[in-house]
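Structural characterization, general
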Amino acid sequence: MLNIRAVATTLLVLTPAVGVWADEAPATPPPMGVWTGKGQLGFLNSRGNSDAQSINGNIDMLRYDGAWKNEFYLGGLYGKSAGIASAERWEARGQSNYTISDGLFAFGGLRYEHDLFDGFQYQASVTSGIGYKFIDTADTKLSAQVGAGYRRLRPEDIIKNQDGVVTQRILHDATGEAIGTVGVDFSHAFTKTTTLTNKFLMESGSANTLLHDDIALAVKMSNRLALSVGYGITDNTHPPGTLKKVDTVTTVNLVFAF
């Protein structure tokens, strides 16, 4: 099974190679004082030897005000297989960046995650640190950030019957801890209509290390609409009990820009 550490390592190793894109045309200045963004929605309903349904969606917004860049994200997913709920998760996060100089920025962020099947009733964090834009051209963007903060999480044991139905949840005490965080954000437009994005996040503390990587390929159908195929990996290194460490999700979404 593909491990998210390998994904992150590969991305970081390839970072020097993408330096050749730094000679591209500079990025167009973003609009100031207005919210822009995109939303995504995907649905699957299959019937046959096995029945499965899933729905996922998210909204991603940003706004520039002088030296400030403010971002907000809200996303969720729900899935059933053979009539049994197998996935239910939502996440909210926000981050503000302040430009210090060309390429260098300071950031502060908040994140809250609620997942009914990863062994943590919730994980919530507040972080801050420094980031740098290694590439910022019209077609290619690569930035990385590193920081520290505080996380609060509440583990839970999930008891299932022979059919896979959750019959009991045993909550443990919530704990708080200092964490380190690393983020990498990459995008490249191969053509005017086709763009590849990859976002990586790590939050590491003594109780658990969360690693999350999302890669997506979007093809525009118009100025507002696009079709996106994505693959996401989430790795909790110390989930309670015998729960799996790695979760993966594949999505096909309709994307609308605003």
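Residues numbered from 1 in each chain as written. Predicted model: local features only at pLDDT ≥ 70, side-chain atom pairs only at ≥ 80, totals over all residues. Heavy atoms only, no water.

1. Here's the deal with the pairing of strand S4 (residues 84-101)
Going by this rule: Any two strands with at least two DSSP bridges between them are considered paired. Under the scheme used here, helices are H or I runs from DSSP no shorter than 4 residues and strands are E runs no shorter than 2 residues, and both carry numbers assigned from the N terminus.
Examined bridge by bridge, strand S3 (residues 68-81) and S4 share 14 bridges and lie antiparallel to one another. The residue of S4 that forms the bridge with Gly75 is Glu91. Taken together, S3 and the strand that follows it, S4, pair antiparallel across an intervening segment of two residues, in which Ala82 is found at a positive phi of about 55 degrees. Both S4 and strand S5 (residues 104-115) contribute to a ladder of 12 bridges, which runs antiparallel. Across the sheet, the residue bridging to Tyr98 is Ala106, located in S5. Between S4 and the antiparallel strand that follows it, S5, lie two residues; Gly103 among them carries a positive phi value of about 90 degrees.

2. Some thoughts on the pattern of salt bridges
To keep things clear, this is the line we draw: Counted as salt bridges are all cases of a side-chain nitrogen of Lys or Arg within 4 Å of a carboxyl oxygen of Asp or Glu. The rule is simple: take the accessible area with a 1.4 Å probe, protein chains only, and divide by the maximum for that residue type; under 20% is buried, over 50% is exposed, in between is partly exposed.
Scanning the entire structure with this criterion turns up 13 salt bridges. The salt bridge involving Glu91 is made with Arg89; its shortest N-O contact spans 3.2 Å. The same class applies to Glu91 as to Arg89, namely buried.

3. Looking at the packing of aromatic side chains
Which entries qualify depends on this criterion: For Phe, Tyr and Trp, rings pair up if their centres lie within 6.5 Å, where Trp contributes its six-membered ring, and each pair is then called stacked (planes under 30 degrees apart), edge-to-face (over 60) or tilted (otherwise). Two limits define a charge over a ring: the Lys NZ or Arg CZ must be within 6 Å of the ring centre, and within 35 degrees of the ring normal.
Counted under the stated rule, the structure contains four aromatic pairs. Each ring, one from Tyr112 and one from Tyr122, has its centre 6.0 Å from the other, and the planes form 15 degrees; the classification is stacked. Of this pair, Tyr112 sits in strand S5 while Tyr122 sits in strand S6 (residues 120-136); the two residues are 10 residues apart in sequence, bridging distant segments of the chain. Aromatic ring contacts, followed pair by pair, group Trp90, Tyr112 and Tyr122 into a single cluster. Note that Arg93 overlies the ring of Tyr73, its terminal NZ or CZ placed 4.0 Å from the centroid.

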